[in-house]
Amino acid sequence: MATERSIVILTGAGVSAESGVDTFRDRNGLWSKVDFRAVATPEGFAADPQRVHAFYNARRRGLAGVEPNAAHLALARLEAAWQGPFLLVTQNIDDLHERAGSERLVHMHGRLAAMLCANCGERRDWRGDMGVETPCPACRSVGFVRPDVVWFGEMPHHMERIYAALNAADLFVSIGTSGAVYPAAQFVQEAGRAGAHTVELNLEPSEGVGDFAEAIHGPAGSVVPRFVEDLIAGGR
């Protein structure tokens, strides 16, 4: 496949899991241990902001103990080699894609290492802890700072840009996703209707595997680098 063509990559928890990042929906994932309604909804934040901050502060600190794996590095290598339009859409809120070298990417579910002020709308990178007493660096109000992550019931970020890329894509690749979370679960159908070749790279068949023209199953750290090298070499 010529490197001038357009690619959209979607990544999910299965990519970062191999770096040791906790998943959400797996049998032993975070939502099997913590009630998502308490820590990942606007209502939960309103009811007990200290608990929500403590949950995300612990996860933010945990980023220091993980590193990008072979799948992250391969996707950054593909981006650097690709001359045509390229967009990496990640559902993950960690920063492993950036640390691997990816630049043409969007975080549709927000970023753990960022803050949002619910009072003035300010967004900034944020590496340390935050709490109910943290003032907004822009408007200086207290009690409105929260993690810049998309909670249940909120609209994912960058949707207009994502759909524009899907509708112009020649190749859509979904990596490490369950196929159960919307709207991302519908991206393969959107890209397919636009004429893109669609590929699933996943540890096991996702819920939506039947919507893909091609599927390759195995650990992301193994299948993604092989797929990328084949693509760069023109074997696809």
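Here's a quick rundown of the structure. Quick caveat: nothing in here was measured; it's all calculated off a predicted structure.

Observations concerning the overall build of the chain
Per the secondary structure count, the chain includes nine helices and nine strands. For 236 residues, the compact-globule formula gives about 18 Å, and the C-alpha radius of gyration of the chain, at 18 Å, lands near that figure. Considered along the principal axes of its C-alpha atoms, the chain spans approximately 55 × 35 × 30 Å. Within the chain, the fraction of its 236 residues that count as buried is 51%. Excluding contacts between residues fewer than 6 apart, the proportion of contacts in the chain whose partners are at least 24 apart in sequence is 64%. Counting 22 positive and 29 negative side-chain charges, the chain places the averaged centre of each group 4 Å from the other.

Structural notes on the side chain of S6
One can find S6 in the segment before β1 (7–11). Aside from chain neighbours lying at most four places away, what touches S6 is P85, A168, A169, D170 and L171.

Section: helix α4 (residues 49–62)
Helix length check: α4 (14 residues) gives 20 Å between terminal C-alpha atoms against 20 Å at 1.5 Å per residue, within 8%. Turning to α4, its buried residues are V52, H53, F55, Y56, N57, R59 and R60. Check the buried side of α4 and you find it contacts α2 (36–39), α3 (42–47), β4 (110–117) and β6 (145–149).

Considering the nonpolar core
Formed by 22 residues in total, the largest nonpolar core has its most connected members in I7, I9, L78, V173, I175, L201 and V224. Listed by contribution, the elements that provide at least two residues to this core are β1, α5 (70–81), β2 (86–90), β7 (171–175), β8 (197–202) and α9 (220–232). Judged by nonpolar contacts, the second largest core, of 18 residues, contains L87, V106, M108 and V188.

Description of empty space enclosed by the protein
Evaluated as defined, the whole model comprises one cavity of 30 Å³ or more. The volume enclosed by the largest cavity comes to roughly 110 Å³. Around the largest cavity, the lining comprises 16 residues; the ones closest to its centre are S174, T177, G179, A184 and A185. By residue class, the composition of the lining of the largest cavity is nine nonpolar, six polar and one charged.

Let's talk about the sheet that holds β8
The strand order β3-β2-β1-β7-β8-β9 describes an open sheet built from six strands, whose pairing is parallel. With one partner strand each, in any of the chains shown, β3 (105–107) and β9 (214–217) form the two edges of the open sheet. Looking at each pair of strands side by side, their axes are set apart by 15° on average, direction ignored. Sheet strands in contact with helix α7 (residues 159–166) are β1, β2, β3 and β7, and its direction is about 130° off that of β2. Where α9 meets the sheet, it contacts β1, β7, β8 and β9, and its direction lies at approximately 150° from that of β8.

Focus on the sheet that holds strand β5 (residues 123–125)
Ordered by their spatial adjacency, three strands build an open sheet running β5-β4-β6, and the pairing between neighbours is antiparallel. Two strands bound the open sheet, and with one partner strand each, they are β5 and β6. Neighbour-to-neighbour, the strand axes of this sheet turn through a mean angle of 40°, independent of strand direction. Across three bridges, the pairing between β4 and β5 is antiparallel. Looking across to β5, one finds that L116 is bridged to R123. α4 contacts β4 and β6 of the sheet and is inclined by roughly 55° relative to β6.

Re the environment of T177
With respect to the secondary-structure elements, T177 resides in the loop between β7 and α8 (187–193). Overall, the relative accessible area of 9% leaves T177 in the buried class. T177 sits 108 residues away from N69 along the chain, and the two C-alpha atoms are 16 Å apart. Among the polar contacts listed, one links the side chain of T177 to the side chain of S174, at a separation of 2.9 Å.

Scoring rules and cut-offs
- Residues numbered from 1 in each chain as written.
- Predicted model: local features only at pLDDT ≥ 70, side-chain atom pairs only at ≥ 80, totals over all residues.
- Heavy atoms only, no water.
- Helix = DSSP H or I, 4+ residues; strand = E, 2+ residues; numbered from the N terminus.
- Rg over C-alpha atoms; globule rule 2.2 N^0.38 Å.
- Buried < 20%, exposed > 50% of the residue type's maximum accessible area, 1.4 Å probe, protein only.
- Contact = heavy atoms within 4.5 Å.
- Lys, Arg positive; Asp, Glu negative; His and termini not counted.
- Charge placed at Lys NZ, Arg CZ, Asp CG, Glu CD.
- Expected span 1.5 Å × (residues − 1).
- Core = buried A, V, L, I, M, F, W, Y, C linked by side-chain atoms within 4.5 Å.
- 1 Å grid on protein atoms, 1.4 Å probe; cavity = no way out; pocket = protein on both sides within 12 Å on 5 of 7 lines; lining within 4 Å.
- Points joined across faces, edges and corners; volume = space filled by probe spheres on them.
- Nonpolar A, V, L, I, M, F, W, Y, C, P; charged D, E, K, R; others polar.
- Pairing = 2+ DSSP bridges.
- Axes fitted to C-alpha atoms, helices over the stretch in contact; angles between N-to-C directions.
- Polar contact = N/O pair within 3.5 Å; in protein donor to acceptor, adjacent residues only side chain to side chain.

Such coordinate-based values are descriptive only and should not be taken to indicate function.
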